[in-house]
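Listed below are the residues making up each chain.
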Amino acid sequence: MYKVAIIDDEKGVAAELEALLREYGEEQKVEFQVRRYESGDAFLQSGDADPDIVLLDINMPGSNGIQVAKRIRRVNGEAIIIFCTNYAQYALNGYEVNALGYLIKPIKKGPFWRNLDRTLNVLRSKRKDKLLVKTKDGQIVVNPADIVYIEVERHNLFFHIVTDKGLAELRTRGTMREMCDRLQNLSFAQCSACYLVNMNRIASVHKGEVICEGGATLFISRKFQKDFMAQFMNFIEEQGGING
């Protein structure tokens, strides 16, 4: 899910942008959480500091779009800013705040969707490199490469990770399906209903068991054995095969 802030004093334009977002989301299977603000000042006063995407008008009562974008950049360097305005002459100002796109009203579906394609490519690339794990001690950013394996027990997930001090365990709430979906494009494979293992951290596979770095032994269930072994052998081949 991506958080979107639409900041525009023209209610009709804001509604149209939200409708185009919803249509794009339905077609691309992407979920957007949308908040609309009728002015830049209303947005700044809301405390909404962490949108993923900001669709921002420039000419508005009170703080203009460039001023708002500069305020956003002070607290959120990762947000994707797309200006939506009637005034083409302001386009160069977008470089001051590292805006990704600049759309001229009336907003047309084709250019808007192309900007969304670019936006999601950037956001997915950023998200791919880190995982936010909510624990009882707070939220911890985890590099997927440091995960040895993930274990599920009921609705609890246990992340077994490599740290400077050795192996550590993080506990959070969630499901195995969520983790499989989240890490599907990385080198993770499910060897049973209980375990999702980082194939970069496998020391050996022998007699229905996966031996991980650090010595943890995970069983391979019958249900997952065929798919797991196929994924693991493909992974080995992509790494250059086994020298014998």
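Our subject is the structure that appears above.
Criteria and cut-off values
The residue numbers shown here count from 1 along each chain, following its written sequence. For this predicted model, a pLDDT threshold of at least 70 governs which residues receive local features, and a threshold of 80 or more governs which side-chain atom pairs are given and counted, while totals over whole chains, interfaces and linings are taken from all residues. Working from all heavy atoms in the structure, the side-chain values ignore hydrogens and water. Helix and strand assignments follow DSSP, with helices taken as H or I runs no shorter than four residues and strands as E runs no shorter than two, numbered in order from the N terminus. Our radius of gyration is a C-alpha quantity, and the globule rule it is checked against amounts to 2.2 Å times the number of residues to the power 0.38. Throughout, a residue-residue contact means that at least one pair of heavy atoms, one from each residue, lies within 4.5 Å. By the convention used here, strands pair only if DSSP detects at least 2 bridges between them. Note on geometry: axes are C-alpha line fits, over the in-contact stretch for helices, and angles between N-to-C directions span 0 to 180 degrees. Every case where a carboxyl oxygen of Asp or Glu lies within 4 Å of a side-chain nitrogen of Lys or Arg is listed as a salt bridge. Categorising residues by exposure relies on relative accessible area from a 1.4 Å probe, with only protein chains included: less than 20% of the type maximum marks a residue as buried, more than 50% marks it as exposed, and the intermediate range marks it as partly exposed.

1. Some details on the overall build of the chain
Line of reasoning, step 1. A tally of regular secondary structure across the chain gives six helices and 15 strands.
Line of reasoning, step 2. Over its C-alpha trace the chain gives a radius of gyration of 23 Å, far above what one expects of a compact globule, namely 18 Å for 244 residues.
Line of reasoning, step 3. Across its three principal directions, the C-alpha atoms of the chain cover 70 × 40 × 30 Å.
Line of reasoning, step 4. Contacts spanning at least 24 positions in sequence make up 51% of the contacts within the chain whose residues lie at least 6 apart.

2. Thoughts on the sheet that holds strand β12 (residues 195–198)
Line of reasoning, step 1. Spatially, the five strands line up as an open sheet ordered β10-β9-β8-β12-β11, and their pairing is antiparallel. Each edge of the sheet is formed by a strand with only one pairing partner; in this case those strands are β10 (166–173) and β11 (188–190). Within this sheet the neighbouring strands show an average axis-to-axis angle of 20°, counted without direction.
Line of reasoning, step 2. Two elements, β11 and β12, share three bridges in a ladder whose sense is antiparallel. The residue of β12 that forms the bridge with Phe-188 is Asn-198.
Line of reasoning, step 3. Contacts from helix α6 (residues 222–238) reach β11 and β12 within the one sheet, and its direction differs from that of β11 by about 160°.

3. Focus: the pattern of salt bridges
Line of reasoning, step 1. Evaluation of the coordinates by the stated rule reveals 13 salt bridges.
Line of reasoning, step 2. Between Asp-146 and Arg-201 there is a salt bridge, with the nearest N and O atoms lying 3.9 Å from each other. In this pair, Asp-146 sits in the loop between β7 (138–142) and β8 (147–153) while Arg-201 sits in the loop between β12 and β13 (202–206), placing the two residues 55 residues apart along the sequence.
Line of reasoning, step 3. Residue classification places Asp-146 among the partly exposed residues on the basis of a relative accessible area of 28%.

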